[in-house]
Amino acid sequence: MTETKPTHYNGNDIQVLEGLEPVRKRPGMYIGSTSARGLHHLVYEVVDNSVDEALAGYCSHIKVWIHQDNSITVQDDGRGIPVDKHPKEHIPTVEVVLTILHAGGKFGGEGYKVSGGLHGVGVSVVNALSTKMIVQVCRDGSQYEIAFSRGKTVEKLKKIGSCKRSGTTVSFWPDPEIFTETTEYEYRILANRFREMAFLNKNLKITLTDEREKDEDGNDRSEVFEYSGGIQDFVKFLNQGKEAITRKPIYFEAESPEGEVEIAMQWTESYSTNSVLSFANNINTQEGGTHLEGFKQAVTRTINDYARQKGILKDKEKNLTGDDCREGLAAIISVKLHDPQFEGQTKTKLGNSEMRQLVSGAVTQGLGEYLEENPRPARKIIDKASQALRAREAARKARDLTRRKNVMESFSLPGKLADCSSKDASASEIFIVEGDSAGGSAKQARDRTYQAILPLRGKILNVERAGRNRALSSDTITSLITAIGTNIGEDFDAEKARYHRIIIMTDADVDGAHIRILLLTFFYRYMPELLNRGYIYIAQPPLYGLKQGKKKIRYIYNDDALARETAKIPDGTKYDVQRYKGLGEMDPEQLWSTTMEPDQRIMLQVTIDDAADAERAVSDLMGSQVEPRKEYIQKHAKDARFLDI
Ligand code: 28F
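A brief report on the enclosed structure follows.

Cut-offs used in this document
- Residues numbered from 1 in each chain as written.
- Predicted model: local features only at pLDDT ≥ 70, side-chain atom pairs only at ≥ 80, totals over all residues.
- Heavy atoms only, no water.
- Helix = DSSP H or I, 4+ residues; strand = E, 2+ residues; numbered from the N terminus.
- Buried < 20%, exposed > 50% of the residue type's maximum accessible area, 1.4 Å probe, protein only.
- Contact = heavy atoms within 4.5 Å.
- Areas by Shrake-Rupley, 256 points an atom, 1.4 Å probe, with all protein chains shown as cover.
- 1 Å grid on protein atoms, 1.4 Å probe; cavity = no way out; pocket = protein on both sides within 12 Å on 5 of 7 lines; lining within 4 Å.
- Points joined across faces, edges and corners; volume = space filled by probe spheres on them.
- Nonpolar A, V, L, I, M, F, W, Y, C, P; charged D, E, K, R; others polar.
- Pairing = 2+ DSSP bridges.
- Axes fitted to C-alpha atoms, helices over the stretch in contact; angles between N-to-C directions.
- Expected span 1.5 Å × (residues − 1).
- Salt bridge = Lys/Arg side-chain N within 4 Å of Asp/Glu carboxyl O.
- Polar contact = N/O pair within 3.5 Å; in protein donor to acceptor, adjacent residues only side chain to side chain.
- Parallel < 35°, antiparallel > 145°, perpendicular 65-115°, else oblique.
- Left-handed = near helix turned anticlockwise from the far one by under 90°.

**Some details on the overall build of the chain**
1) Next: Within the chain, the regular secondary structure consists of 21 helices and 23 strands.
2) Next: Buried residues in the chain amount to 56% of all 645 residues.
3) Next: Considering only residue pairs separated by 6 or more positions, the chain has 71% of its internal contacts joining residues 24 or more positions apart.
4) Next: With the model as given, the accessible surface of the chain reaches about 28,800 Å², and the carbon-plus-sulfur share is 50%.

**A short note on the layout of surface pockets**
1) Next: In this structure, the second largest pocket occupies an estimated 1,000 Å³ of space.
2) Next: Split into classes, the residues belonging to the lining of the second largest pocket amount to 10 nonpolar, 12 polar and 12 charged.

**Focus: the sheet that holds strand β20 (residues 544-547)**
1) Next: Ordered in space as β21-β20-β22, the three strands form an open sheet in which the pairing is antiparallel. Two strands close off the open sheet at either side, each with one partner strand: β21 (554-556) and β22 (576-579). This sheet shows a mean twist of 25° between the axes of neighbouring strands, independent of strand direction.
2) Next: Two elements, β20 and β21, share three bridges in a ladder whose sense is antiparallel. Paired with L546 across the bridge in β21 is R554.

**Points about helix α8 (residues 290-309)**
1) Next: The end-to-end C-alpha distance of α8 is 28 Å, a good match for the 28 Å that 20 residues give at a rise of 1.5 Å each.
2) Next: Following α8 by one or two positions, G311 adopts a phi angle in the positive range, close to 70°.

**Considering the environment of S35**
1) Next: Residue position: S35 is located in the loop between α2 (28-31) and α3 (36-55).
2) Next: Residues within four places of S35 in sequence aside, it is in contact with F179 and E181.

**Notes on the pattern of salt bridges**
1) Next: Tallied over the full model, the rule gives 32 salt bridges.
2) Next: Measuring nitrogen to oxygen at the nearest pair gives 3.1 Å for the salt bridge that ties E95 to K156. With E95 in helix α4 (residues 93-99) and K156 in strand β5 (residues 152-162), this residue pair connects regions lying 61 residues apart in the sequence.
3) Next: Judged by relative accessible area, which is 4%, E95 ranks as buried.
4) Next: Ionic pairing is found between K236 and D233, a salt bridge with its closest N-O pair at 3.9 Å. Linking K236 with D233, this pair stays in helix α7 (residues 230-238), spanning three residues, or about one helical turn.

**So, the sheet that holds strand β12 (residues 283-284)**
1) Next: Spatially, five strands are ordered β9-β10-β13-β11-β12 in an open sheet, and the strand pairing comes out mixed. At either end of the open sheet lies a strand with only one pairing partner, and these are β9 (250-256) and β12.
2) Next: Two strands pair when backbone bridges link them, and strand β11 (residues 275-280) and β12 are joined in this way by two bridges, in the antiparallel orientation. Residue pairing for β12: A280 is matched across the bridge by I283.

**Side note on the side chain of S130**
1) Next: Of note, S130 is situated in strand β3 (residues 130-139).
2) Next: Reaching out from S130, the side chain makes a polar contact with the backbone oxygen of V126 at a distance of 2.7 Å.

**Describing the packing of helix α14 (residues 475-484) against helix α15 (residues 510-526)**
Packed helices, taken two at a time, are described by the angle their axes make and the gap between the axes.
1) Next: Look at α14 against α15: their axes get within 12 Å of each other, and the N-to-C directions meet at 60°. With respect to α15, the axis of α14 lies oblique. Where α14 crosses over α15, the handedness of that crossing is right-handed. On α15, the residues that touch I477, L480, I481 and I484 of α14 are L519, F522 and F523.
2) Next: Looking at the contact of α14 with α15, its residues break down into seven nonpolar, no polar and no charged.

In short, the description is geometric, and any link to function would need to be established separately.
So this is what it looks like as structure tokens:
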């Protein structure tokens, strides 16, 4: 991680922009939201400063603690934020960095701020949104401390001792006035992000300790993330439990005046096609962008060129498509650039056009050389891609033979779909309902102007284990694709979605949970963009009806609530509880008012917070290898999320 950086700097390097008042007025502008996601962004902002210090070559170990009271401490062994007087502000530089917006700006043009939560708004934002922040700096043999509250200095910088090593320690208490939804940290979310950061920056060492959780012998739960193999280890992590075609990931890198790219990729015998993750300055570009497009184009071209040159693909045979080439491929594309342009709905699409060329050139060179130098695995890669092509062609012929329209060509919507009358997708929603009886009552219950119903009969195909072609020959899958309207694969277009809310409504029993996970696997594998856009929801029908004497039925949505509600009933009062096993047990009126009416219902929006986590969950749980599934279930069984994924 050594890069030539100016060892001197002075306070002039800081652009002093403005105070912190705007941050508390509109926190969402700076950290995206004040929900759990925003709460976790606070940690990323602080850690990113340590990561920058590490990338500059001055820090080797970052430690993070979650304390009992859900406050956070981050400590690095970098140079320590400077404490000298700022020439213009006449206060210590560390105070400027912590109290002035964007004052943490990094060195001039040479380096690049390669980390960035919401693109590096700076640690002063964390200060503004915390009831308390204590910063300790070790530098030049002395230890200093300064304290803040909601962005204001409450204790001036003072020397509190001496220290041998240099570094910076920041502790902060998120402000419950800002984070009204929750101030509770989720270990898994932080662990996943630190794992990702460590993968993306080889040899970076991050230790996460949770003081809220003691393990069996009373120690705090703790994990160290450090990968000398960097993104090659990331690909191995994604491919755990799958049968690899290349002995180890293919790795290559390139650089240009605008920045640098490194790529690791590995094909396996699995069917998954979207384990290609792309990052720009450590930010997960979930909406893709020029680097990902450059990668896809170059992989497809390089594979086809090689296949033709070696005569594996006959002249008369059509080209392998991108999907054929990427079947079973896991890859990490990580670009670092000085002046990243982020676009898209969630600002996670890279716009820099020069990155397309840089990446496609690197792939053509790197993958091309690999195929030339490793003819046996190369042959297996090509065979797998051409197998996908032939299977697709065969399925198409079979479909044409049975004269059943190919799902992409048939414009007729599936018979079972009770569509809504509105054509405005953003106002429309479709309920995917398990079983005909529930489907029937949902059709009666719905508001047909904007609510569509698609009843599904029985189990749907596990697309994780079946290739694309088997998936396309399943009626259920094809009716889903047609009803949703976006198409799949190369022709997928999220703009064509006929509904902006796709609501999975299944029974609250094990079968319902199984259908739900099969549907989520389908969306994750074939329409991940809809997950990224937050179009996918899970309906929460009530589990119980609580009837007390003549009073109206009260609907209870989970066991805790039932315990709470029944505990409130005075002793001796008669009441009875009905457990709704299936949606079909509710009459249309009940189904409407409890689960479908927009201002009454409770729905879970499904998002892919962490691509690597989701990837592993789906492939471990749904894939054909039994071992990883057993491990995953043992590891996550107690985790309520597991039941709801
Ligand atoms: C736990 C959070 O914030 N670590 C940091 C440094 C080191 C320097 C620095 C930070 C001054 C004008 C840019 C030291 N010596 N951990 C952290 N470590 N900021 S933040 O300087 C800020 C510059 O703006 C540092 C020489 N150069 C830079």
